[in-house]
Amino acid sequence: MAMTETVGRAHADPHHIGLVIEHPGPAPKRIVTAYGFWVFLLSDIVMFSCFFAAYAVLHGQTADGPKGSEIFEQRNVAIETVCLLLSSFTCGMASIAADTRNRFWFYLGMAVTCALGLIFLAIEFREFADLVARGYGPSRSAFLTAFFSLVGCHGLHVSAGVLWLLTMMAQVFAKGFRADILRRMMCFALFWHALDIIWVAVFSVVYLLGSAV
Amino acid sequence: MLGKLDWSAIPFDQPIPLIAGAVVLVAILGVLAWVVVKGHLPYLWREWITSVDHKRIGVMYVLLASVMLLRGGSDAIMMRIQQAVAYQSQGYLPPEHYNQIFSAHGTIMIFFVAMPFVIGLMNLIVPLQLGVRDVAFPTLNSVGFWLTATGALLVNVSLVVGEFARTGWLAFPPLSQLSYSPGVGVDYYAWSLQISGVGTLVAGINLVTTVLKLRTRGMNYLRMPMFCWTTLASNLLIVAAFPILTATLAMLLLDRYLGFHFFTNEAGGNVMMFMNLIWAWGHPEVYILVLPAFGIFSEVVSTFSGKALFGYRSMVLATMAICVISFMVWLHHFFTMGAGPNVNAIFGIASMIIAVPTGVKIYNWLFTMYGGRIRFATPMLWAVGFMVTFIIGGLTGVLVAVPPADFMLHNSMFLVAHFHNVIIGGVLFGAFAGFEYWFPKAFGFRLDERWGKAAFWFTFLGFYVTFIPLYAAGMLGMTRRLQHYDVAAWRPWMLVAAAGMAVLTIGVICQIMQLVVSIRNREALRDRTGDPWDGRSLEWATSSPPPVFNFAFHPDVRGEDAYWDMKIRAQQQLLGHDLPEYHDIDMPRNSPTGFVCAFFATIMGFALIWHIWWMVILGGLGAFATFVAFAWRDHDEYVIPAAEVARIDRANIEERRNLVSMAGAV
Amino acid sequence: MLRPAHCARLALAVQEPFSGDRVCCRSFLALGSVRGFPTAIGPPMNLLDPQGPVAAANSTILVDSVFIMLVIVVPTIIAILAFAFWFRASNPKARFQPGFVYSGRVEMVVWAIPALTVILLGGVAWIGSHQLDPAAPVPGTGSPVRIQAVSLDWKWLFIYPDQRIATVNALTVPAGAELNFQLTSSSVMNTFFIPQLGSMIYTMNGMVTRLNLRADNEGKLQGLSAHFSGDGFPDMMFDVNVISPLAFPDWVANTAKTDAVLNEESYTKLMQQGVERGRPVYRLADPRLFDLIATQHIPPGPGPEFTSGAGRPHSGGHDAR
């Protein structure tokens, strides 16, 4: 061993103050997975914040097109919001069912979550299709561009979430409540709840503030 | 059927890209043919392509970076020659070609050289320094690498099929909008960055989680080696900044593909928003690159001075300060937009504040050397070269952070010289130092010192001969990205810079020669100790190259400089501890997921660029199928039996003990 | 250290361009001597040879900042090399101090040095940003000249709304008068920059930026675009003729005699992509032309023609030569 120098004392922390609590070692897999997924969610929120920023910059740029208050329909948005908030609840039920290894409640919770997610997507799709049909598509003005991309980005996330949800159900069906599948379920639940949080922001910034003007 | 793609996409009328493309193609086919004929393909597939081992993935990252360095470097050579000859003439490159070259040069050097190089080194070393067996998400790690490789592949495909962006490496709208850049160049640019950006984000999440959640016993935060700290800071920046890039490029793509109006001139789009968004990513990006380099220098300076790092806590503080402040300075990239004096002044001062922790780092390295016993191995040469060069780059950087000075220097050759000064002098020197320093760890033999030192001196001198003239040209009013010019005063400087480029090229050749010579003499250069430099952190506590499980036991850390501490304790105890009891080790199973994902990403990216919609759908379905197949896997781990672990570990201990007793006999 | 007197001098630099740092400007890196190189075409664009108060103040700040930093940087570089040399392993005289890994006093100094430098330079930046804001007035003799600059693909259009004339790729201004620039772009971004008059500024479509300059000495200067704007970008150089205030009205009168008229129609022709080798001049039909451009009443200029269909657009800039 190429060790040529010896220091007088074992060189630990040379300028340490106070008591050291020893780090216990690598965290268990469940913690690591959840932690990593949290970090991913934070990065996803950063991405959303860019679209929020773009919306904030562009929402006044209507280019003689419609303003927000002219195109938003409160009733639809209210139904969407209720669907999504309820789906968070049912998703939570499914998570608990998964933790207690209860297949029936797991499938039920996931199926209802899926249905609510699909209702949300259907309403959103109809809103978009309606706007495009009236000539208020995203290329009409910078405001509509920002609106469609922000809300659409959330919609895409929900769509991906529904796909993931179905895959989770299939995994439980085929493989049962295995440790790795439970970890994935935990990530899915985090994802679904995060979409809810983002929707609350979309709802407030776009629809509530937008209709007020 | 094939969207916008037809035979006219291939530039038969332009010999330079065609020949370059043909040469690359022949080289790739040659290597492939050699691999197949020699029967290495199964080995490559089993041990490298599907590998989820962080060390293998790290090596592949560095390999990718090195290959792309040659590509980006040849772009640089072409640009320097063009500017040397294009005085009162068109030179040898028409504008549409020259403009592609400088755009590709910037894109490649940042995204496909600097990024994979530092990410590769972090991947290779950080788990070893933390004393753990792998990163947090090994399969995702492989996905991240292969997606980065996909991006690099697409950029290179643009050489022969279609064109690359002619807009500069940040593709500012409205120039990058469909109306002013109707070709596929910007699409190549945006999609390759989107795909590789996902890969980078994955790597970032992975490394943040690894540093925060996977550390061996006793590895408290304030005992982590400096490189782990800078890795943490850099990857936090990746996680926070890369989504901004993704969003910004997504907006640009929506503008181009679906007629949205984020950054258009028409319908209320806002060009200035692009500038803000892209630099909100772009400025942290520079620190993403340079912070790991700072970490490498910290390791190198401390090891080769034979001392612990001076002012370790100060260094940690400085690193995290840079991490935070780097998000508050983006506006200094466009002081000349007319934002008003208060805004300019505040961002100018914020930019200067970053210089404080950076300066502190320099001084701490300085005092690490003070009272040391400095061995000038190649990595240390790079470190000292870096310190001198980086200070000059820092000076010019603070200079352009002063708004009134920037009003004269913005976008000039002075600026070009400045950022090359910090990126070459900081990131590239750091990458080379890390390469030389950790090569023995990765491959089990040292690199030839003579060629290494030659490479350093040529690169070091070549850098100054190339870039000092660009500072001078900038002071003479020369702006960047000029395909030709008529100003006589600039000419001599361009000629000197071209000569400097030749010296730099010799440096690169020395680097390649070093690799060739070292591989040939690998037996003589073999590192049997696992600790060729008398290192101080845990990566040197295992063999070179490390076994797949890195450590038979999670090492017990009792202080800073964990391995140095162990060595001292071992010496005091004369290595006389009992042989421990070994246990089975679970390791993640190799998986082709990453490669298959990247395959479908390539198909999707190419199809999107050329508007081949059925192929886009095909690629998307393939990617989803891969995801499901991966989720369906029954065994994601395999077991290395205790007996095997014992055999490997004992052989290693035996070898070290022999060397120690030999040294004792002498 | 930032002495009050020093601040004051920086502040005064706007008014007193050629007093303080003229000498060190010249000697800095000996770049001044670069002017000795043969100049076949165009005058030099040396940043350290300012021809107006804004450029003089800019370059004063530039040079002062460099010197402030050199005070720290040079000793540091020397220390790096000296420490590296003295503490080399082969030097038996150097004392090995492996325990020297922390010193509160040293730490304080190493945080203090860069911090003080930055405080000093921060002051320079703050004062400089306000004094030299591009939109800040630059008082001169005589009445100010209003100039509306439009960056086209790939030429510069200078509109003199009060004189009812317009020029392309040549800017003629009277010495000593304040020049009020309003700038916009017909299509993509560019940067308007006359190195020896100082302070560049962006031009952007649909927006107006403002810049005030003054040229003090008669003569020929050169301006350029400092933001890449496409294939013809290198040819966006323009002449700046600084003439005596007395000759300026004559030049205006002469220019106004031209037959060419700049109106919406001829402007639309002018903004097509292409390089302009000549220096055409126009009579200005409508003094509100600039506003029509800046408010996008005249739509943005078109891009290249997309002839080949696949991948690579036809290059307008290349063919123009």
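For clarity, every value in this text was computed on a predicted model and none was experimentally measured. (Residues numbered from 1 in each chain as written. Chains lettered and ligands numbered in written order. Predicted model: local features only at pLDDT ≥ 70, side-chain atom pairs only at ≥ 80, totals over all residues. Heavy atoms only, no water.)

Remarks on the overall build of chain B
So, point 1. Counting its secondary structure elements, chain B contains 19 helices and two strands.
So, point 2. Projected onto the principal axes, the alpha-carbon positions of chain B cover approximately 75 × 55 × 45 Å.
So, point 3. Each of the 666 residues in chain B was classed as buried or not, and the buried ones make up 68%.
So, point 4. Considering only residue pairs separated by 6 or more positions, chain B has 84% of its internal contacts joining residues 24 or more positions apart.
So, point 5. Across chain B, 40 positive and 38 negative side-chain charges occur, with their mean positions spaced 6 Å apart. (Helix = DSSP H or I, 4+ residues; strand = E, 2+ residues; numbered from the N terminus. Buried < 20%, exposed > 50% of the residue type's maximum accessible area, 1.4 Å probe, protein only. Contact = heavy atoms within 4.5 Å. Lys, Arg positive; Asp, Glu negative; His and termini not counted. Charge placed at Lys NZ, Arg CZ, Asp CG, Glu CD.)

Regarding the pairing of strand β6 (residues 190–194) of chain C
All names here are of chain C.
So, point 1. By the criterion of burial, β6 is predominantly enclosed, with five of the five residues buried.
So, point 2. Residues of β6 alternate between two faces, with Asn190, Phe192 and Ile194 on one and Thr191 and Phe193 on the opposite face, all of them buried.
So, point 3. Inspection of the sheet shows β6 paired to strand β7 (residues 198–203) by four bridges, in the antiparallel sense. Across the sheet, residue Thr191 finds its bridge partner in β7, namely Tyr202.
So, point 4. With antiparallel pairing between neighbouring strands as the criterion, β6 and β7 make up a hairpin whose turn holds three residues. (Pairing = 2+ DSSP bridges.)

Considerations on the pattern of salt bridges
So, point 1. Counted according to the given criterion, the structure contains 22 salt bridges over all chains.
So, point 2. Ionic pairing is found between Arg279 of chain C and Asp239 of chain C, a salt bridge with its closest N-O pair at 2.9 Å. One end of the pair, Arg279 of chain C, is in the loop between α6 (264–270) and β12 (281–284); the other, Asp239 of chain C, is in strand β10 (residues 238–243), and 40 residues separate them in sequence.
So, point 3. Taken together, the shared-partner salt bridges connect Arg178, Asp180 and Arg184 of chain A into one network. (Salt bridge = Lys/Arg side-chain N within 4 Å of Asp/Glu carboxyl O.)

Quick notes on the domain arrangement of chain C
Residues and elements named next belong to chain C.
So, point 1. When cut into domains, chain C gives domain 1 (53–89 + 103–131) and domain 2 (145–298).
So, point 2. One C-alpha centre belongs to domain 1, the other to domain 2, and the line joining them spans 40 Å.
So, point 3. Listed per partner, the contact involves four residues of domain 1 and nine residues of domain 2.
So, point 4. Overall, the association of domain 1 and domain 2 removes approximately 400 Å² of surface from exposure, summing both partners, and the carbon and sulfur fraction of that is 58%.
So, point 5. Broken down residue by residue, the surface that domain 1 buries against domain 2 is led by Pro53, Val54 and Ala55, which jointly contribute 87%.
So, point 6. Where domain 1 packs against domain 2, one counts zero salt bridges.
So, point 7. At the junction of domain 1 and domain 2, the tally comes to two residue pairs in polar contact (both at pLDDT 80 or more).
So, point 8. Looking at the side of domain 1 that touches domain 2 residue by residue, the class counts come to three nonpolar, one polar and no charged. (Domains from an automatic or database assignment. Buried area = accessible area lost by both parts, 1.4 Å probe. Polar contact = N/O pair within 3.5 Å; in protein donor to acceptor, adjacent residues only side chain to side chain. Nonpolar A, V, L, I, M, F, W, Y, C, P; charged D, E, K, R; others polar.)

Details of the interface of chain A and chain B
So, point 1. Counting from both sides, the interface comprises 59 residues of chain A and, opposite them, 69 residues of chain B.
So, point 2. The junction of chain A with chain B conceals about 5,200 Å² of combined surface from both sides, 65% of it contributed by carbon and sulfur atoms.
So, point 3. Applying the counting rule to chain A against chain B returns one salt bridge.
So, point 4. A salt bridge links Lys29 of chain A to Glu637 of chain B, with the shortest nitrogen-to-oxygen separation between them at 2.7 Å.
So, point 5. Our count for the contact surface shared by chain A and chain B stands at 11 residue pairs in polar contact (both at pLDDT 80 or more).
So, point 6. Mapped by element, the contributors of at least two residues to the side of chain A that touches chain B are α1 (29–58), α5 (142–175) and α6 (179–212) of chain A.
So, point 7. Tallying contributions element by element places α1 of chain A first for the side of chain A that touches chain B, with 16 residues.
So, point 8. Its residues placed into classes, the side of chain A that touches chain B shows 33 nonpolar, 17 polar and nine charged.

Considerations on the sheet that holds strand β3 (residues 165–168) of chain C
All names here are of chain C.
So, point 1. Spatial strand order, β8-β5-β1-β2-β3-β12-β11: seven strands in an open sheet with mixed pairing. The open sheet terminates on both sides in strands that have one partner only, identified here as β8 (209–214) and β11 (261–262).
So, point 2. The pairing of strand β2 (residues 155–160) with β3 spans four bridges and is antiparallel. In the sheet register, Ile159 faces β3, and the bridge partner there is Ala166.
So, point 3. Of the strands in this sheet, β1 (145–152), β2, β3 and β12 are in contact with helix α5 (residues 247–256), which crosses β3 at around 85°. (Axes fitted to C-alpha atoms, helices over the stretch in contact; angles between N-to-C directions.)

Some thoughts on the sheet that holds β6 of chain C
All names here are of chain C.
So, point 1. A sheet is described by the order of its strands in space; here five strands give the open sequence β4-β10-β9-β6-β7, paired in mixed fashion. Where the open sheet ends on each side, the last strands, each with one partner, are β4 (170–174) and β7. Across this sheet, the average inter-strand angle for adjacent strands is 20°, counted without regard to direction.
So, point 2. Pairing analysis gives five bridges linking β4 to β10, with the strands arranged parallel. Within β10, the position partnered with Thr172 by the bridge is Asn241.

Some words on the environment of Val400 of chain B
Residues and elements named next belong to chain B.
So, point 1. Counting through the fold element by element, Val400 comes out in helix α11 (residues 378–400).
So, point 2. Exposure remark for Val400: the relative accessible area of 9% places this residue in the buried category.
So, point 3. With sequence-adjacent residues up to four places away left out, Val400 is seen in contact with Phe335, Asp406, Leu409, Phe414 and His418.

A few points about the nonpolar core
So, point 1. Judged by nonpolar contacts, the single largest core of 359 residues is most densely connected at Phe147 of chain A, Trp281, Trp365, Met369 and Trp490 of chain B together with Leu171 and Phe192 of chain C.
So, point 2. Each of domain 1 (53–89 + 103–131) and domain 2 (145–298) of chain C accounts for three or more of the residues forming this core.
So, point 3. When near neighbours in sequence (up to four residues on either side) are disregarded, Trp281 of chain B contacts Phe111, Trp169, Leu170, Ala241, Phe242, Ile244 and Leu245 of chain B.
So, point 4. Ranked by size, the runner-up nonpolar core spans 18 residues in total, among them Leu262, Tyr282, Leu292 and Ile293 of chain C. (Core = buried A, V, L, I, M, F, W, Y, C linked by side-chain atoms within 4.5 Å.)

Comments concerning empty space enclosed by the protein
Residue and element names in this part refer to chain B.
So, point 1. Counting across every chain of the model gives six cavities of 30 Å³ or more.
So, point 2. Here the second largest cavity is characterised by a volume of approximately 160 Å³.
So, point 3. Looking at the second largest cavity, it is lined by 15 residues, and the ones nearest its centre are Pro225, Met226, Glu299, Leu309 and Asp561.
So, point 4. In terms of residue count, helix α8 (residues 271–305) provides more of the lining of the second largest cavity than any other element does, three residues in total. (1 Å grid on protein atoms, 1.4 Å probe; cavity = no way out; pocket = protein on both sides within 12 Å on 5 of 7 lines; lining within 4 Å. Points joined across faces, edges and corners; volume = space filled by probe spheres on them.)

Observations regarding a nonpolar patch on the surface
Residues and elements named next belong to chain A.
So, point 1. A cluster of nonpolar residues, Val82, Leu86, Phe89, Met93, Phe104, Trp105, Leu108 and Val112, forms a patch on the protein surface that exposes about 770 Å² of accessible area.
So, point 2. Those elements that place two or more of their residues in the nonpolar patch are α3 (74–99) and α4 (103–133).
So, point 3. Structurally, Phe89 can be placed in helix α3. (Patch = residues over 30% accessible without salt bridge, like charges linked within 9 Å, V, L, I, M, F, W, Y side chains within 5 Å. Areas by Shrake-Rupley, 256 points an atom, 1.4 Å probe, with all protein chains shown as cover.)

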